[in-house]
Amino acid sequence: MAGRIWTQLTLLVSAGLLTVGGWLVVDQQRALSRAESVPAQVVEADVAVTPWGTHRPRVVAEYTADGKARQTQRWSWMDVGGTQAWAAAATTEATNEAASPRGLRVWVDPTRPDVAWVDATPTAIPMVVWLGGVALLGAWWGVWRASRCQLAPAVATPMGNHGWYALRGWIGASGSVPTAWARVATGFIGGVPAIALHYIAMGGPITMGGALAVASWLGLTAWWVVRAARASAWSGRIVPPSVTVTRAVMSLEHDVVTRVKLTVRRPMVLRSVRMSLVCRRIDALSATELYRASAEDALERLASPSAPVTTTHGFSVPPRKRRASLSAGGERIAWAIEVIVKPEYGPPMTANYPIEAVHDTKAATPKPRLVGTTRAA
């Protein structure tokens, strides 16, 4: 339910930003491209306070358009505010220009002669609003695609007549979905004030404070991108682990024996591999861990394409943690085998393999235990 609410809210906000930003971009470009410059006289010049608590130049100018004398006190097409120092400097610049031989000129919309402004410099706010909508929609799409993986049903394929079943999984932990969403939300929520600080509170197109705010936001985003690319590059050297189990459907009252086969595309040292049996409550955009049993093997050995590494572990679930797989209304109780491979260099690679869990009411309750062996294939 929470996932659907967040999805609807995200789509609504994205549509609003795209619509408003796109309309502002087109309207600003159209207004500035067809505006005509006409001479004007400064009647009054001072600094005004906006309803948002910022300051803007208040230059009352008289001009003639369409055969009529008119007045305007609009500074720019969007008429944004800024700091008091910026507004005072802009007001002084306008009065000095009016006193010069060239005189002050204002820009008039020929389709609406009563609309005129002093400064013809375009503002980036419309494009920032539109790009914010694009970024939010794209981030939501990426998170939604990732969430489809963690909501995918468990698939176990028989491995010949050997009594083993191969699980189908994906690269990435289930928890990476809400983590990605948190990063998107943090970047978006943090970026909007940064842009607002740059173009409204700090005023002017180039200011040290605004530049630092925007640079910090972009730097944080770039760090996330570089980290993800680095992780992807290192993970690409390891073939996604082959995970097999002794039961196509895991009985919560019996041990489940799991075997992981690690293959690399080029020789590299593998430090360790951790195998976990995990139970989570999952919806479209969040995952809550209910149970985890882990076993880690310290490998510290050189693996090559011709010499994969195989590790085997058996897990049993304590009686109080036995929750059968359940799916209802976009939410589910999901079990998975999680594998984390740590190479000597680079970030670890995480993979998840869903497995269905059911109750066996006829089985005796076993004592929780965890056993494991590691060998080179």
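First, a word on what this report is: a plain description of the structure on this page.

Rules used throughout
Along each chain, residues carry numbers from 1 onward, in the same order as the chain's sequence is written. At least 70 in pLDDT is required for a residue's local features to be given in this predicted model, at least 80 for side-chain atom pairs to be given and counted, and no such filter applies to totals for whole chains, interfaces and linings, which use all residues. As a rule here, side-chain values come from all non-hydrogen atoms in the structure, and water together with hydrogens is ignored. Numbering goes from the N terminus for both helices and strands, where a helix is a DSSP run of H or I of at least four residues and a strand is a run of E of at least two. Accessible area is worked out with a 1.4 Å probe on protein chains only. A residue is then buried under 20% of its type maximum, exposed over 50%, and partly exposed in between. Two residues qualify as a contact provided that any one of their heavy atoms is within 4.5 Å of a heavy atom in the partner residue. Computed with the Shrake-Rupley method and a 1.4 Å probe, the accessible areas treat only the protein chains shown as cover for residues. Polar contacts, as counted here, are pairs of nitrogen or oxygen atoms within 3.5 Å of one another; within protein the pair requires one atom able to donate a hydrogen and one able to accept it, and residues that are adjacent in sequence qualify only if both atoms are side-chain atoms. Note on terminology: a nonpolar core comprises buried Ala, Val, Leu, Ile, Met, Phe, Trp, Tyr and Cys residues joined through side-chain atoms within 4.5 Å. Residues enter patches when they are more than 30% accessible in relative terms and free of salt bridges; like-charged ones are connected within 9 Å and nonpolar ones (Val, Leu, Ile, Met, Phe, Trp, Tyr) within 5 Å. Any carboxyl oxygen of Asp or Glu within 4 Å of a side-chain nitrogen of Lys or Arg constitutes a salt bridge here. By definition, two strands form a pair when at least two bridges between them are found by DSSP. Here a cavity is any set of points on a 1 Å grid over the protein atoms alone where a 1.4 Å probe fits but cannot get out, and a pocket is any open set with protein on both sides within 12 Å along at least 5 of 7 lines; a residue lines the site when it has an atom within 4 Å of a point. Grid points are joined across faces, edges and corners, and a volume is the space filled by probe spheres set on the points. Note on residue classes: Ala, Val, Leu, Ile, Met, Phe, Trp, Tyr, Cys and Pro are nonpolar, Asp, Glu, Lys and Arg are charged, and everything else, Gly too, is polar. Pairs were defined over the aromatic rings of Phe, Tyr and Trp, the Trp ring being its six-membered one, requiring ring centres within 6.5 Å. Orientation was assigned from the angle between planes: stacked under 30 degrees, edge-to-face over 60, tilted for the rest. By definition, being over a ring means that NZ of Lys or CZ of Arg is both within 6 Å of the ring centre and within 35 degrees of the ring normal. Note on definitions: angles span 0 to 180 degrees between N-to-C directions of axes, and those axes are lines fitted to C-alpha atoms, for helices only across the stretch in contact.

## Things to note about the overall build of the protein chain
What the protein chain contains, in helices and strands, is five helices and 19 strands. Residues counted as buried form 38% of the 377 residues belonging to the protein chain. Residue pairs in contact within the protein chain that sit at least 24 positions apart in sequence constitute 71% of those at least 6 positions apart. Surface exposure of the protein chain reaches about 19800 Å², of which carbon and sulfur atoms provide 60%.

## Considering the side chain of asparagine 352
In this structure, asparagine 352 sits in strand β17 (residues 349–355). Side-chain polar atoms of asparagine 352 contact the side chain of arginine 280, separated by 3.2 Å.

## Description of the nonpolar core
For soluble globular proteins, the rule of thumb is that nonpolar side chains tend to be buried together. Counting 34 residues, the largest nonpolar core has Leu270 and Trp335 as its most contacted members. Top contributing element to this core by residue count: strand β12 (residues 268–282), with six residues. Sequence-distant contacts of leucine 270, defined by excluding residues within four places in its chain, comprise Ile238, Leu262, Val264, Leu299, Glu300, Arg301, Ala303, Val341, Lys342 and Pro343.

## A closer look at a nonpolar patch on the surface
A grouping of Met127, Trp130, Leu131 and Val134 is seen on the molecular surface, where their side chains present a nonpolar patch of about 330 Å² in accessible area. Mapped onto the fold, tryptophan 130 is located in helix α3 (residues 125–150).

## As for the pairing of strand β9 (residues 238–245)
As judged from the two bridges shared by strand β7 (residues 165–167) and β9, these two strands associate in the antiparallel manner. Within β9, the residue paired with tyrosine 165 across the bridge is valine 245. Pairing analysis gives six bridges linking β9 to strand β11 (residues 256–264), with the strands arranged antiparallel. Within β11, the position partnered with isoleucine 238 by the bridge is valine 264.

## A look at empty space enclosed by the protein
Evaluated as defined, the whole model comprises two cavities of 30 Å³ or more. The computed volume of the second largest cavity comes to approximately 30 Å³. As for the second largest cavity, its lining consists of Ala154, Ser325, Arg332, Ala334, Trp335, Pro354, Ile355 and Glu356. Within the residue set of the lining of the second largest cavity, elements represented by two or more residues are β16 (331–343) and β17. Residue classes in the lining of the second largest cavity are distributed as five nonpolar, one polar and two charged.

## A short note on the packing of aromatic side chains
For the coordinates displayed, the defined rule picks out one aromatic pair. On the numbers, 6.0 Å between centres and 55° between planes, the contact of tyrosine 291 with tryptophan 335 is tilted. One end of the pair, tyrosine 291, is in strand β13 (residues 287–303); the other, tryptophan 335, is in strand β16, and 44 residues separate them in sequence. Accessibility expressed as a relative area gives 11% for tyrosine 291, which makes it buried. Of note, arginine 259 hangs over the ring of tryptophan 164, and the distance from its end group to the ring centre comes to 4.1 Å.

## What to know about the environment of phenylalanine 315
Of note, phenylalanine 315 is situated in strand β14 (residues 309–315). The buried category is assigned to phenylalanine 315, whose relative accessible area is 1%.

## Details of the pattern of salt bridges
Using the criterion set out here, one finds eleven salt bridges in the structure. Across the salt bridge formed by glutamate 296 and arginine 274, the nearest N and O atoms sit 2.9 Å from each other. One end of the pair, glutamate 296, is in strand β13; the other, arginine 274, is in strand β12, with 22 residues separating them in the sequence. Glutamate 338 serves as the salt-bridge partner of arginine 280, at 2.9 Å between the closest nitrogen and oxygen. Linking arginine 280 in strand β12 with glutamate 338 in strand β16, this pair joins segments that are 58 residues apart in sequence. Owing to a relative accessible area of 6%, arginine 280 belongs among the buried residues under this scheme. For glutamate 338, a relative accessible area of 3% puts it in the buried group. A cluster of three or more residues bridged by salt bridges with shared partners is formed by Arg280, Glu289, Arg292 and Glu338.

## Focus on the pairing of strand β2 (residues 55–65)
Regular strands show a simple pattern: their side chains alternate between the two faces of the sheet. Within β2, eight of the eleven residues are buried, leaving the element largely enclosed by the surrounding structure. Relative to β2, strand β1 (residues 36–49) runs antiparallel, the two sharing nine bridges. Of the residues in β2, the one forming a bridge with alanine 40 is tyrosine 63. Sheet topology places β2 next to strand β3 (residues 68–72); five bridges connect them, and they run antiparallel. Paired with tyrosine 63 across the strands is arginine 70, a residue of β3. Counting the residues that bridge the hairpin from β2 to β3 gives two residues, and of these aspartate 66 lies at a positive phi of roughly 60°.

## Re the sheet that holds strand β5 (residues 112–117)
Spatially, five strands are ordered β3-β2-β1-β4-β5 in an open sheet, and the strand pairing comes out antiparallel. Since the sheet does not close on itself, it has two edges, and those belong to β3 and β5, each with one partner. Averaged over neighbouring strand pairs, the angle between their axes works out to 40° when direction is ignored. Contacts between helix α2 (residues 84–99) and the sheet are confined to β1, β2 and β4 (104–109), with β2 contributing the most and set at about 25° to the helix.

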